[in-house]
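Breakdown of the fold
In case you want the letters, here they are:
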Amino acid sequence: NKQVTIASDGTAYVKTGDIPAEWLRDASAQVRPYLFFAKDDPQVQSLPRGIIARMAKYIQLDPYANAFTLDYRVWEQKYELDSLAYPITLSWTYWKQTGDTSVFSRDLSLAFDKTLDTMEREQDHPRNSRYMHKELEQAGKGNPVAYTGMIWSGFRPSDDACKYNYLIPSEMMAVVALGELEQIERDVYHNLIKAQRARALRDEVQTGIQTYGLVFTPQYGYVYAYEVDGQGNSILMDDANIPSLLSAPYLGYTKSTSFVYKNTRKFLLSKDNPTYYVGKVARGIG
């Protein structure tokens, strides 16, 4: 249900299903399998290159938007932390698979600047951010949060509004992406100041996850929460989209053998998880 258009500016536009817009997340996830065949095939290489080039322009246009049109307009401005992490991981994976650094243009560098600025600003959302959306609670502002070092997100990967705005799966993805951005800034752009900023932010988010994102349950021990507010409130569940808690090893955040991950997985694949569904022929997270 995805359609790729090569635009007049040479970039590649990925239409999401029957909606005439491109989502940063969906387009990144859709092209990812091709990266592993790109090394030996110039034709396959050209597709991710064109998609990354377009994303660089999108993020410069509005780092708070999650979806854009073919003619570079904002389609939907649901600020989702994972939407900023996906293009970093896509370009980093492309580089590592092909050895080709040509994707790291000035445009992409400016997009990464916007990404870093936005993530740093949203670490202290109540004081530093003016972002609002009509679907968020508290008249579009979202529920109150405490400072945790993590990055505030308005919406989940499902495009549903967060209840508590530190969304742990997206924080996990941000930790991985910021580690990749540090490497890109250091080894490709040779900008040690930006590399250090990415690393410092990564460390703060990681500390925040480990400090605020773990919840003790009598039955499962310590598990990762889905969302927290830094004030003691949390939601224990998961979503079927990626990033999710279940996909933490796939994201590269943790190992599947990790103690807390195993506890979390056990909880998520049980009827104690309110988003775990069991039917006559299938069961799983929905």
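Residues numbered from 1 in each chain as written. Predicted model: local features only at pLDDT ≥ 70, side-chain atom pairs only at ≥ 80, totals over all residues. Heavy atoms only, no water.

1. Topic: the sheet that holds strand S10 (residues 234-235)
Strand order in this open sheet of three strands is S6-S9-S10, and the pairing throughout is antiparallel. Only two strands of the sheet have a single partner each, and these edge strands are strand S6 (166-167) and S10. Here S6 runs beside strand S9 (residues 227-228); their pairing, made up of two bridges, is antiparallel. For tyrosine 166, the partnering residue across the bridge sits in S9 and is valine 228. (Pairing = 2+ DSSP bridges. Helix = DSSP H or I, 4+ residues; strand = E, 2+ residues; numbered from the N terminus.)

2. Thoughts on the packing of aromatic side chains
Pairs of aromatic rings are described using the distance from one ring centre to the other and the angle between the two planes. The tally for this structure, following the rule as stated, stands at 12 aromatic pairs. Taken together, a centroid distance of 5.0 Å and an interplanar angle of 65° make the contact between tyrosine 64 and tyrosine 79 edge-to-face. Remark: tyrosine 79 occurs in the loop between strand S5 (74-76) and helix H3 (81-98) and tyrosine 64 occurs in the loop between helix H2 (42-61) and strand S4 (67-68); sequence separation between them is 15 residues. Comparing tyrosine 64 with tyrosine 79 shows no difference in burial state: the two are buried. One aromatic cluster in this structure is built from Tyr64, Tyr79, Tyr131 and Trp152. The ring of tyrosine 72 has arginine 54 lying over it, and the distance from NZ or CZ to the ring centre is 4.3 Å. Directly above the ring of tryptophan 95 sits lysine 96, whose terminal nitrogen or CZ lies 4.0 Å from the centroid. (Phe/Tyr/Trp six-rings, centres within 6.5 Å; stacked < 30°, edge-to-face > 60°. Buried < 20%, exposed > 50% of the residue type's maximum accessible area, 1.4 Å probe, protein only. Lys NZ or Arg CZ within 6 Å of the ring centre and 35° of its normal.)

3. Notes on the environment of alanine 161
Checked against the element boundaries, alanine 161 lands in the loop between helix H5 (125-128) and S6. The exposure class assigned to alanine 161 is partly exposed, which follows from its relative accessible area of 25%. On a C-alpha basis, the gap between alanine 161 and isoleucine 19 in space is 20 Å, while along the polypeptide they are 142 residues apart. Look past the residues within four positions of alanine 161 in its chain and what remains in contact with it is Glu135, Leu136, Gly154, Phe155 and Arg156. (Contact = heavy atoms within 4.5 Å.)

4. Concerning the packing of H2 against helix H4 (residues 106-121)
Their axes nearest at 8 Å, the elements H2 and H4 cross at an angle of 45°. Relative to H4, the element H2 is oriented oblique. The crossing of H2 and H4 is left-handed. Residues Ile52, Ala56, Lys57, Ile59 and Gln60 of H2 form the contact with H4, whose own contacting residues are Asp107, Leu108, Leu110, Ala111, Lys114 and Thr115. (Axes fitted to C-alpha atoms, helices over the stretch in contact; angles between N-to-C directions. Parallel < 35°, antiparallel > 145°, perpendicular 65-115°, else oblique. Left-handed = near helix turned anticlockwise from the far one by under 90°.)

5. Points about helix H1 (residues 24-35)
In this model H1 runs 17 Å from its N-terminal to its C-terminal C-alpha over 12 residues, within 8% of the 16 Å that 1.5 Å per residue would give. For H1, every residue scored as buried is listed here: Leu24, Arg25, Ala27, Ser28, Val31 and Leu35. Buried residues in H1, looked at end-on, bunch into an arc of 155°, giving them a common side. Where the residues of H1 are buried, they touch strand S2 (12-16), strand S3 (22-23), H2, S4 and H3. (Expected span 1.5 Å × (residues − 1). Arc of directions from axis to C-beta.)

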